[in-house]
Amino acid sequence: MRKKNFVLIESNIQDICNLIIHPIETEQSKIFPNAAFGYQKVVVERPLRLSVLLTEKNLRHFKQLCTEAKEMALFSVVETVAHELGEGPHVNYNNFLDVMELKAWNMGVKLTAKSKNFLRANLAVSDESADPVIKKSYKAGKRKPDPLYGIYETSVKGKKVVVEYEPDSNLRDSEQVPLLEGGGIDSFMKREVLSYTPDAWVDGNKTQIGYEISFTRHFYKPVPMRTLEEIKADIFALEQETEGLLEDIVGEK
């Protein structure tokens, strides 16, 4: 009630009550189904892509970190792998980790979950050109592919498999899909998301339903733009006013 135009007088209240009891479409009222205000909020994920560059500089830095964290056994494995694979960049992190685990086993070093996390956090870097990091892998036929929800069919070491990729939290986003969207989430994703980021998918476990009433969307009427002649007239009037002010300040000669 801070502004006078927000105050409802008795006649306003009566008009609103009449429209509620006998709803009709007018300039001030519109009729919608409940679903018109609803939406599904979906979380959109994209795959984590990591690469490893085993340059002398990176190895020196990693050795220092391993010394401080008491992970020198891990560094010895990395150093050996670097001599065998070369600098890289190694753009398939899953393959790199497989080589690390095999080499660690041959060297009698146990790669714990802690060591693997340390390796990823301090040696791998985000790289858009790298292959997606595989989180889970299933034999072909054990899981039905569903790309919309992050279940992909691919080939790993020459074998067809179904995989789930590790999501990159830095690329996580959300979208609001209207409940009345023709074709639902699938259609919306293809049109609004996948056409720009084809590697995206929906985390189905995080989908929420919400409602929002936007009065601006349904009742706003744009003000027609002024004509060019009106704008020119205003500019000319300002010029005339400016000249008059200058004469008053400087004085006529």
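Residues numbered from 1 in each chain as written. Predicted model: local features only at pLDDT ≥ 70, side-chain atom pairs only at ≥ 80, totals over all residues. Heavy atoms only, no water.

Caption draft 1: Layout of a nonpolar patch on the surface. Together, L8, I13, I16, I20 and I21 make up an exposed nonpolar region whose accessible area comes to about 480 Å². Accessibility expressed as a relative area gives 37% for I13, which makes it partly exposed. (Patch = residues over 30% accessible without salt bridge, like charges linked within 9 Å, V, L, I, M, F, W, Y side chains within 5 Å. Areas by Shrake-Rupley, 256 points an atom, 1.4 Å probe, with all protein chains shown as cover. Salt bridge = Lys/Arg side-chain N within 4 Å of Asp/Glu carboxyl O. Buried < 20%, exposed > 50% of the residue type's maximum accessible area, 1.4 Å probe, protein only.)

Caption draft 2: Examining helix 5 (residues 113-123) more closely. Among the residues of helix 5, S115, F118, L119 and L123 are the ones counted as buried. End-on, the buried residues of helix 5 take up no more than an arc of 100°, which puts them together on one face. Structural note: helix 5 exposes A113, K114, N117 and A121 on the side pointing more than 90 degrees away from its buried face. Where the residues of helix 5 are buried, they touch strand 2 (50-52), helix 2 (56-69), helix 3 (72-85), helix 4 (93-107) and strand 3 (124-126). (Helix = DSSP H or I, 4+ residues; strand = E, 2+ residues; numbered from the N terminus. Arc of directions from axis to C-beta. Contact = heavy atoms within 4.5 Å.)

Caption draft 3: Spotlight on the packing of helix 4 against helix 5. One can describe the packing of helix 4 onto helix 5 by two numbers: an axis separation of 12 Å at closest approach and a directional angle of 135°. By the angle between their axes, helix 4 is oblique relative to helix 5. The two elements helix 4 and helix 5 cross, and the hand of that crossing is right-handed. Across from Y93, F96, L97, M100 and E101 in helix 4, the residues of helix 5 making contact are K116, L119 and R120. Of the residues contributing to the contact of helix 4 with helix 5, the split by class is five nonpolar, no polar and three charged. (Axes fitted to C-alpha atoms, helices over the stretch in contact; angles between N-to-C directions. Parallel < 35°, antiparallel > 145°, perpendicular 65-115°, else oblique. Left-handed = near helix turned anticlockwise from the far one by under 90°. Nonpolar A, V, L, I, M, F, W, Y, C, P; charged D, E, K, R; others polar.)

Caption draft 4: View of the pattern of salt bridges. Counted by the stated rule, this structure contains 14 salt bridges. Here K221 and E27 are joined by a salt bridge, their closest N and O atoms 2.3 Å apart. Of the two residues, K221 is situated in the loop between helix 7 (215-219) and helix 8 (228-250) and E27 in the loop between helix 1 (10-21) and strand 1 (38-45); the sequence distance between them amounts to 194 residues. Accessibility assignment for this pair places K221 and E27 in one class, exposed. The shortest N-O distance in the salt bridge between R46 and D199 comes to 3.1 Å. Taken together, the residues R46 in the loop between strand 1 and strand 2 and D199 in the loop between helix 6 (184-193) and strand 8 (201-211) connect sequence positions 153 residues apart. Of the residues examined, R46 reaches a relative accessible area of 26% and is grouped as partly exposed. Judged by its relative accessible area of 17%, D199 falls in the buried class. Within the structure, one salt-bridge network assembled from shared partners comprises E45, R172, D203 and K206.

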